[in-house]
Amino acid sequence: MEQFNPEKLLSTLNGYTQSMGPLEWGIIGGGIALILLLAASISSTKRRRKRNAQKVAPSLSLDTFQISPLGRDAYFKVLNNGQPARLSNMAIKGRKDVVVKNAVAGHELQSGESYRILLEATGTQKLNADFTIELSYVDLVGNVYQQAFALNQQAARQPKLVRLA
């Protein structure tokens with residue numbers, strides 16, 4: 001087996017480029033220009049689709065988070081100030097002993113409406129605002145968003161566009 005020799009490769013490439021005529025150089029230049037145009041077109045298309053997604057994006061905000069006096073139950077109320085949304089998933093980050101008591105997936109949230117999600121602690125520890133709720137939802141055209149709600153700060157983080165339609 002022959003060992004890789006960079007000097008031999010460079011001399012072969014140098015000989016080949018010296019033997020090339022205007023036609024070959026034109027084909028190479030045209031190919032490079034075509035690749036650059038294609039890359040620019042794909043990039044601008046992605047930016048345009050992202051901008052259009054922002055126009056039809058729902059705007060969810062934390063309306064209320066309230067814990068019951070005994071500390072076993074709580075409700076989380078989310079308000080939609082933007083375009084209609086369909087909730088698709090909910091995850092609780094930071095606690096493993098909190099369960100959702102009502103259905104979240106598939107609920108349609110119209111503009112100006114709020115939705116109350118009931119939570120319950122299944123372990124021995126009482127509920128407090130030391131966890132984060134992450135909602136996934138879909139807009140009118142099918143774009144998927146994820147948004148985290150930090151309950152200890154009583155604030156919603158900016159939604160993250162997960163998948164374009």
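Relevant structure appears above.
As a starting point, this report considers the structure included with it. What you see is a predicted model, and the numbers here were worked out from it, not measured in a lab.

### Structural notes on the sheet that holds strand β6 (residues 114-121)
Strand order in the open sheet made by the four strands is β1-β2-β6-β4, with antiparallel pairing throughout. Every interior strand has two partners, whereas the edge strands, β1 (60-67) and β4 (98-100), have only one. Across the sheet, the mean angle separating the axes of adjacent strands is 25° when strand polarity is ignored. Note that β1 and strand β2 (residues 73-80) share seven bridges and pair antiparallel. Across the sheet, the residue bridging to F65 is F76, located in β2.

### Some points on the environment of T124
Note on placement: T124 falls in the loop between β6 and β7 (132-138). Separated by 31 residues in the primary sequence, T124 and A155 have C-alpha atoms spaced 27 Å apart.

### Let's talk about a positive patch on the surface
A cluster of like positive charges, contributed by R47, R48, R51 and K55, occupies part of the molecular surface. In this structure, R51 sits in helix α2 (residues 22-55). Since its relative accessible area comes to 48%, R51 is described here as partly exposed.

Calculation notes
Residues numbered from 1 in each chain as written. Predicted model: local features only at pLDDT ≥ 70, side-chain atom pairs only at ≥ 80, totals over all residues. Heavy atoms only, no water. Pairing = 2+ DSSP bridges. Helix = DSSP H or I, 4+ residues; strand = E, 2+ residues; numbered from the N terminus. Axes fitted to C-alpha atoms, helices over the stretch in contact; angles between N-to-C directions. Patch = residues over 30% accessible without salt bridge, like charges linked within 9 Å, V, L, I, M, F, W, Y side chains within 5 Å. Areas by Shrake-Rupley, 256 points an atom, 1.4 Å probe, with all protein chains shown as cover. Salt bridge = Lys/Arg side-chain N within 4 Å of Asp/Glu carboxyl O. Lys, Arg positive; Asp, Glu negative; His and termini not counted. Charge placed at Lys NZ, Arg CZ, Asp CG, Glu CD. Buried < 20%, exposed > 50% of the residue type's maximum accessible area, 1.4 Å probe, protein only.

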